[in-house]
Amino acid sequence: MTRTITPRAARPLVLLLLAVAGLLLAGAGPAAAHAALTGSDPQQGVVVPQAPAQVSLTFSEQVAMGDDSLRVLDPAGKRVDTGKPANISGTTYAVRLRGGLAKGTYTVTYQVISADSHPVGGAYTFSIGAPSKTSVVTGGQEVGGGLVGLLYGVGRYASYAGFIVLAGGAAFVLACWQRGAGVRAVQRLVVSGWLTLTTATLALLLLRGSYTTSGKAGDIVDLDLLGQVLQTKTGAALVSRLLLLAAAALFVAVLFGVYEKREDEEKRDLTFGLAIGGTVVAAGLAASWAMAEHASVGLQPGIAMPVDVVHLLAVAAWLGGLAALLVALYRAPADRPVEPAAVRRFSRLAFGSVVALIATGLYQSWRQLGSWSALTGTRYGQLLLVKVALVLVLVAIASFSRRWTARLAEAAADRAAVKAGAGAGKAGPGTGKPGAASGKAGAASASASAKAGGKSRTKETAKAAATESSAASAADSAEGSAKTSAKAAAKKPAKAPVKAAATGGQATEAAATGKQATEAAAAGGDARRAAQLARQRAAMDAARLKRQRDADPNRSGLRRSVLAEAGVAVVLLVVTTVLTQTEPGRTVEEAAAATSTSSSSSSSSSAGTVTLDMPFDTGGQNGKGVVRLDIDPARVGGNEMHLYVQRPDGKAFDVPEVKVAFTLTAKSIGPLPVAPDHITTGHWAASGVEIPMAGDWQVAVTVRTSDIDQVTVTKNAQIG
């Protein structure tokens, strides 16, 4: 007998898949910013002779700001901004400053909401007159992090998973396996998808206010924040999703209630109505994501949002249908197995979904990347490559599932042919014999039993039904015979006085007749027990047939391949969710280009100042970035040096250690080490840096991002 994968044997594989999903979720971190800071006035690190009247920030897209979204702090950490931030033009926002500001280093902090609903935050410094020490600490203020950020991320994952299971499971029942509407395991799967999506949506609505502002757990139940969330685009999308889930609940109730109880002919009109209504509800649920995230901003939003809806529906039909098929293969009862025809229909549905995914995915990739360099040079592009690889693996495994499905269909056709041949043999010469008549009676009994249940049975199931019917008939016959014999025995004593002169042989015959009557009465009393035993034998036969069905190598192979597909699908879902929280490659490159242009113009406008940009990669986690070094006035003698460490997207961050050394190779001078002081997040400075003579100096900067990850980058600069 071929060994099959049972639900218990599949548990380690499921646990492994959950562990992989957990690792990816843990490594996802806070949501990446989808709007980048592309410019500021005053610029980062600049020293201005007089205090500016305002501070302005320019982003890559429009953002939403609150009263405290833009703050300016003096060296002591006190606020020096007045009034509310205002949108002065396009994507530029400004806040006014108090007059009479003293000299020193000032810190600008911002926390805004990008147009695609993701929180964006950061900080930088500028100085008035001359740099100074500052007490402001901005490290650790990661937007979207902490416990609230973790819960919000879990809610996003759960909402996607719930939608896929709800929409895909219902589509599988309607389009592929309508008999599955009566299978309890499939019903539980679809209902669990609805419950998961509803719970996650409510949680996201409550967490949203704290997630985009303070990040404190206590603010989750702040009704004022909840009121502000309801006035935003994301809040409107979540409320719309809840309303659509109410309609989805009615759809599920009809699908697994009224629809399941209808006859096949009556189901046709109801199937059409459910298909139309279900598609509308599913499209509305998908639109609640499209209207509030990537698709709603950037290039061609009018095209991008419908494309995103189609993309989500295709994902749900494929992966959700796959989950329903897996449950049906493992949990469907013996009298209602998944037919090969249903698997073939799902195979066609999955193929159409993959085609839709490829078409919509190509458009989305072009829209979010913008260039080939962003495919490998940005985190969004790298995640997209991982997603493409997973889809290819999933398609490859699906091809094996198609082969197993074809073999299963061929085996079913062969069994049907054998059954038809056996029936034809029984219908030949000699049909008038008792054996042939008995065969016909048994077949008729099985057919009648199958018709009474309204179910399509296999050959083995029909045999089990025939066995049960025959046993029950035998029990009924025994009971009837017992009653007849009992009546006969009751009449015999009445005739005994008439035959008083009976011989001894006749007396013996009468005694034997009384014994038979007693046995018949006992048999009549056991008729109910006989019927019960017959039903037990029928149940045992059904269990045996289920074991035989599960031992089918074709069905076992299909189970294994579908289980492997489901495993890859779990990882694919996690990667897709992380991708939705990652800043698109096009935005990253545009922000980097704008920052580079701004720094170039700043360098050219500041006479005597040398600015060096040196990319680095230590090879470890968070090991990539850019070091910006400003030397002012870049002449022989004392100089001011400012060093900034930024991520590839231009956001400042701290590293454990930064060292600088100057070497004049032509005169064999150096290296002259400089140990800059840490000023604030991503900013180091040193004053009185002595350059002994003019020349082409090599500037070496050593960056250490962990205990073992370190790199030194160099660049030449003409000083003096």
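Residues numbered from 1 in each chain as written. Predicted model: local features only at pLDDT ≥ 70, side-chain atom pairs only at ≥ 80, totals over all residues. Heavy atoms only, no water.

Describing the confidence of the model for the protein chain
Thought 1: Scored by pLDDT, the protein chain has a mean of 76; 73% of the residues are at 70 or more.
Thought 2: Across residues 429-508, where pLDDT falls below 50, the model places 46 contacts with residues more than four positions away in sequence or in other chains.
Thought 3: Overall, residues 600-607 carries pLDDT values under 50, and its contacts beyond four positions in sequence, including any with other chains, amount to four contacts. (pLDDT = per-residue confidence, 0-100. Contact = heavy atoms within 4.5 Å.)

So, the sheet that holds strand β17 (residues 695-704)
Picture the strands of a sheet paired through backbone hydrogen bonds; they go either parallel or antiparallel.
Thought 1: Taken together, the four strands give an open sheet; going across it, the order is β14-β13-β17-β18, and neighbouring strands pair in antiparallel fashion. The open sheet has two free edges, formed respectively by β14 (669-674) and β18 (710-719), since each of these has just one partner strand. In this sheet, adjacent strand axes meet at a mean angle of 20 degrees when their direction is disregarded.
Thought 2: Here strand β13 (residues 657-664) pairs with β14 via four bridges, running antiparallel. Bridge pairing links Leu664 to Ile669 in β14. (Pairing = 2+ DSSP bridges. Helix = DSSP H or I, 4+ residues; strand = E, 2+ residues; numbered from the N terminus. Axes fitted to C-alpha atoms, helices over the stretch in contact; angles between N-to-C directions.)

Focus: the nonpolar core
Thought 1: Ranked by internal contacts, the top residues of the largest apolar core, which has 69 residues, are Phe163, Leu166, Trp177, Leu255, Leu319 and Leu325.
Thought 2: Among the secondary structure elements, those contributing two or more residues to this core are α2 (146-175), α3 (184-212), α5 (233-256), α7 (264-290), α8 (301-331), α9 (340-369), α11 (379-426) and α16 (553-580).
Thought 3: Top contributing element to this core by residue count: α8, with 15 residues.
Thought 4: The residues touching Leu255, leaving out its near neighbours within four places in the chain, are Ala170, Val173, Leu174, Ala181, Glu260 and Leu274. (Core = buried A, V, L, I, M, F, W, Y, C linked by side-chain atoms within 4.5 Å. Buried < 20%, exposed > 50% of the residue type's maximum accessible area, 1.4 Å probe, protein only.)

Overview of α2
Thought 1: If you check α2, its first and last C-alpha atoms are 43 Å apart, about what 30 residues at 1.5 Å a residue would give, namely 44 Å.
Thought 2: Extensive coverage of α2 is indicated by the burial of 21 of its 30 residues. (Expected span 1.5 Å × (residues − 1).)

Here we look at the environment of Gln718
Thought 1: Inspection of the secondary structure puts Gln718 in strand β18.
Thought 2: For the pair Gln718 and Ala694, spaced 24 residues apart in sequence, the C-alpha separation works out to 7.6 Å.
Thought 3: Discounting chain neighbours no more than four positions away, the residues touching Gln718 are Val610, Gly695 and Asp696.
Thought 4: Here the side chain of Gln718 touches Gly695 through a polar contact of 3.4 Å, landing on its backbone oxygen. (Polar contact = N/O pair within 3.5 Å; in protein donor to acceptor, adjacent residues only side chain to side chain.)

As for the sheet that holds strand β7 (residues 92-97)
Thought 1: What the four strands build is an open sheet, ordered β1-β3-β7-β6; its pairing is antiparallel. Looking at which strands have only one partner, the edges of the open sheet turn out to be β1 (37-41) and β6 (81-89). Averaged over all adjacent pairs, the angle separating strand axes in this sheet is 20 degrees, with direction ignored.
Thought 2: Bridge count for β1 against strand β3 (residues 54-59) is four bridges, and the pairing is antiparallel. The residue of β3 that forms the bridge with Asp41 is Ser56.

Description of the side chain of Glu565
Thought 1: Secondary-structure assignment places Glu565 in helix α16.
Thought 2: The exposure class assigned to Glu565 is buried, which follows from its relative accessible area of 4%.
Thought 3: Setting aside residues no more than four positions away along its own chain, Glu565 makes contact with Trp318, Leu322, Leu394, Ile397, Ala398 and Ser401.

Considerations on the pattern of salt bridges
Thought 1: This model, assessed by the stated rule, comprises six salt bridges.
Thought 2: One salt-bridge network, in which partners are shared between bridges, spans Asp68, Arg79 and Asp81. (Salt bridge = Lys/Arg side-chain N within 4 Å of Asp/Glu carboxyl O.)

Notes on the packing of α2 against α3
Thought 1: Where α2 meets α3, the closest approach of the two axes is 7 Å, and the angle between their N-to-C directions is 150 degrees. By the angle class used here, α2 and α3 are roughly antiparallel. Every pair of crossing elements has a handedness; the one defined by α2 and α3 is left-handed.
Thought 2: In terms of residue class, the contact of α2 with α3 is built from 18 nonpolar, eight polar and two charged. (Parallel < 35°, antiparallel > 145°, perpendicular 65-115°, else oblique. Left-handed = near helix turned anticlockwise from the far one by under 90°. Nonpolar A, V, L, I, M, F, W, Y, C, P; charged D, E, K, R; others polar.)

Considerations on the packing of aromatic side chains
Thought 1: If you walk through the whole model with that rule in mind, you get nine aromatic pairs.
Thought 2: Measuring from ring centre to ring centre gives 4.0 Å for Tyr152 and Tyr211, while their planes differ by 5 degrees; the resulting arrangement is stacked. On the criterion of sequence distance, the pair formed by Tyr152 in helix α2 and Tyr211 in helix α3 is long-range, its members being 59 residues apart.
Thought 3: According to the relative accessible area criterion, Tyr211 is buried, its value standing at 4%. (Phe/Tyr/Trp six-rings, centres within 6.5 Å; stacked < 30°, edge-to-face > 60°.)

Some details on unusual backbone geometry
Thought 1: Note the cis peptide between Asp41 and Pro42, where omega equals 0 degrees.
Thought 2: Examined against the element boundaries, Pro42 turns out to sit in the loop between β1 and β2 (47-48).
Thought 3: A cis amide bond links Asp632 to the next residue, Pro633, at an omega of 10 degrees.
Thought 4: Mapped onto the fold, Pro633 is located in the loop between β11 (624-632) and β12 (637-646).
Thought 5: Positive phi outside glycine occurs at Ala634, with the angle close to 60 degrees.
Thought 6: Assignment of secondary structure puts Ala634 in the loop between β11 and β12.

Section: the pairing of strand β9 (residues 119-128)
Thought 1: When you tally the buried positions in β9, you get 10 out of 10 residues, the bulk of the element.
Thought 2: Along β9, one buried face is formed by Pro119, Gly121, Ala123, Thr125 and Ser127 and the opposite face, lined by Val120, Gly122, Tyr124, Phe126 and Ile128, is buried too.
Thought 3: The pairing of β2 with β9 spans two bridges and is parallel. Within β9, the residue paired with Val48 across the bridge is Ile128.

Concerning the environment of His642
Thought 1: Mapped onto the fold, His642 is located in strand β12.
Thought 2: Judged by relative accessible area, His642 falls into the buried class, the value being 5%.
Thought 3: Residues His642 and Asp632, spaced 10 residues apart in sequence, show a C-alpha to C-alpha distance of 8.6 Å.
Thought 4: Dropping the residues within four chain positions of it, His642 is found in contact with Val47, Pro131, Arg628, Leu629, Asp630, His683, Trp684 and Ala685.
Thought 5: Reaching out from His642, the side chain makes a polar contact with the side chain of His683 at a distance of 3.1 Å.

Structural notes on the environment of Arg79
Thought 1: When you line up the elements, Arg79 lands in the loop between β5 (70-73) and β6.
Thought 2: Judged by its relative accessible area of 31%, Arg79 is partly exposed.
Thought 3: In this structure, the C-alpha to C-alpha distance between Arg79 and Arg98, residues 19 residues apart in sequence, is 9.4 Å.
Thought 4: Apart from residues no more than four positions distant in its own chain, Arg79 is found in contact with Asp67, Asp68, Leu70, Arg71, Val72, Leu73 and Arg98.
Thought 5: Only 3.1 Å separates the side chain of Arg79 from the side chain of Asp68, close enough to count as a polar contact.

A short note on a positive patch on the surface
Thought 1: Taken together, the side chains of Arg344, Arg345, Arg348 and Arg402 present a region of like positive charge at the surface.
Thought 2: Here the element with the most residues in the positive patch is α9; it accounts for three residues.
Thought 3: Along the chain, Arg344 falls in helix α9.
Thought 4: Overall, Arg344 belongs to the partly exposed group, its relative accessible area being 36%. (Patch = residues over 30% accessible without salt bridge, like charges linked within 9 Å, V, L, I, M, F, W, Y side chains within 5 Å. Areas by Shrake-Rupley, 256 points an atom, 1.4 Å probe, with all protein chains shown as cover. Lys, Arg positive; Asp, Glu negative; His and termini not counted. Charge placed at Lys NZ, Arg CZ, Asp CG, Glu CD.)

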